[in-house]
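Chains, contacts and geometry: an overview
Single-letter residue listing:
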Amino acid sequence: MSVAIEHYRGNEEFVRRLQDQIDRMERWNRVVVTPFFSPDQIQIAERFCGHRILYRKDGGYAQAERCRLAFLPWEEEVQIPVLHLKAKISYSFGKLAHRDVLGALMNLGIERDKTGDLIVEQDAVHMFVDPDIGNYLIANLTQIKRCAVHLEPSEESVSYEPDIAYKSLIVSSLRLDTLVAALARLSRAKAADLIRSKQVKVDHVILEQTSYLCDNTCVISIRGHGRFQLKEVVKETKKGNLVIEVGMYQ
């Protein structure tokens with residue numbers, strides 16, 4: 001299969017890797033499994049494959065955002081290799097955050113595409129990883145921040161609901177630059193600069209169009225400022241502004 005890569009401006013290198021993996025599947029006539037993809041990469045891959053290529057995806061649990069894809073030469077059941085590791089944690093040395101877990105993995109030299117979702121609960125950390133690095137992590141990841149951890153393979157079913165704190169904001173419109181300015185507490189000009197420099201994603205996709213109109217339930221990620229969900233437009237004020245309810249991922 002060959003698809004015009006120029007249709008994927010800004011993601012050409014990723015699409016070339018996809019094409020190479022699909023070519024190997026077709027050439028070898030066997031299942032080819034990808035590394036873990038981020039949500040925006042998954043959207044590109046699904047668009048790229050369309051209805052032409054059979055594929056499955058799995059991130060280890062139902063709500064997984066980071067997943068591996070398996071390209072199939074024919075319709076069949078396939079088990080995509082994802083290892084679930086769990087460690088019980090204590091907050092005696094302070095609360096852990098997602099960035100602490102990711103930082104500990106990076107310090108061990110683990111590439112991000114070897115790991116799926118990282119979930120930090122009140123008393124446990126869950127990691128979904130490539131089984132090839134499972135033993136290495138169990139042996140070497142013994143501390144996150146100041147918290148001692150002992151990773152073990154787990155068959156536990158995971159259901160994760162993100163912690164989102166909601167509040168109301170007043171904005172003049174649902175333009176992307178207007179929303180980014182309100183969410184990040186920036187001027188509209190600085191918000192526009194962030195968007196044009198590819199530091200803003202809407203529903204996991206980088207957008208450079210400052211006038212893009214967002215809709216209810218979209219998720220806006222602003223590098224360095226956090227991740228937000230536009231829940232709904234509550235009402236319109238007498239001056240024509242909009243009262244919106246937005247949530248910030250904690």
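Below you will find a few notes about this structure. Worth saying up front: this structure is predicted, and the values here are computed from it rather than measured.

Time to look at the overall build of the protein. When its secondary structure is counted, the protein shows 6 helices and 15 strands. Expressed as lengths along the three principal axes of its C-alpha atoms, the size of the protein is roughly 60 × 55 × 30 Å. By the burial criterion, 42% of the 250 residues in the protein qualify as buried. Looking at the protein alone, contacts between residues at least 24 apart form 57% of all its contacts between residues at least 6 apart. On the protein, the mean spot of the 34 positive side-chain charges and the mean spot of the 34 negative ones are 8 Å from each other.

Moving on, we get to the sheet that holds strand β3 (residues 67-72). As summarised here, the arrangement of the 3 strands in space is β1-β3-β2, forming an open sheet in which the pairing is antiparallel. If you trace the sheet from one side to the other, it starts and ends with β1 (32-37) and β2 (54-58), each paired once. For this sheet the average axis-to-axis angle between neighbouring strands, irrespective of direction, equals 20°. As judged from the 4 bridges shared by β1 and β3, these two strands associate in the antiparallel manner. When the sheet's bridge partners are listed, F37 is paired in β3 with C67. The sheet contacts of helix α2 (residues 39-49) involve β1, β2 and β3, and relative to β1 the element is tilted by about 145°.

Our next topic: the sheet that holds strand β6 (residues 124-129). If you walk across this open sheet you meet the 4 strands as β5-β6-β4-β9, and the pairing is antiparallel. Each end of this open sheet is capped by a strand with a single partner; those strands are β5 (115-120) and β9 (152-153). Taken together, the 4 bridges between β5 and β6 define a ladder with antiparallel strand orientation. Pairing of T115 across the sheet is with V129, part of β6. Sheet contacts for helix α3 (residues 98-107): β5 and β6; angle to β5, the most-contacted strand, approximately 140°.

Calculation rules
- Residues numbered from 1 in each chain as written.
- Predicted model: local features only at pLDDT ≥ 70, side-chain atom pairs only at ≥ 80, totals over all residues.
- Heavy atoms only, no water.
- Helix = DSSP H or I, 4+ residues; strand = E, 2+ residues; numbered from the N terminus.
- Buried < 20%, exposed > 50% of the residue type's maximum accessible area, 1.4 Å probe, protein only.
- Contact = heavy atoms within 4.5 Å.
- Lys, Arg positive; Asp, Glu negative; His and termini not counted.
- Charge placed at Lys NZ, Arg CZ, Asp CG, Glu CD.
- Pairing = 2+ DSSP bridges.
- Axes fitted to C-alpha atoms, helices over the stretch in contact; angles between N-to-C directions.

Note that every value here comes from positions in space, so none of it alone points to a role or purpose.
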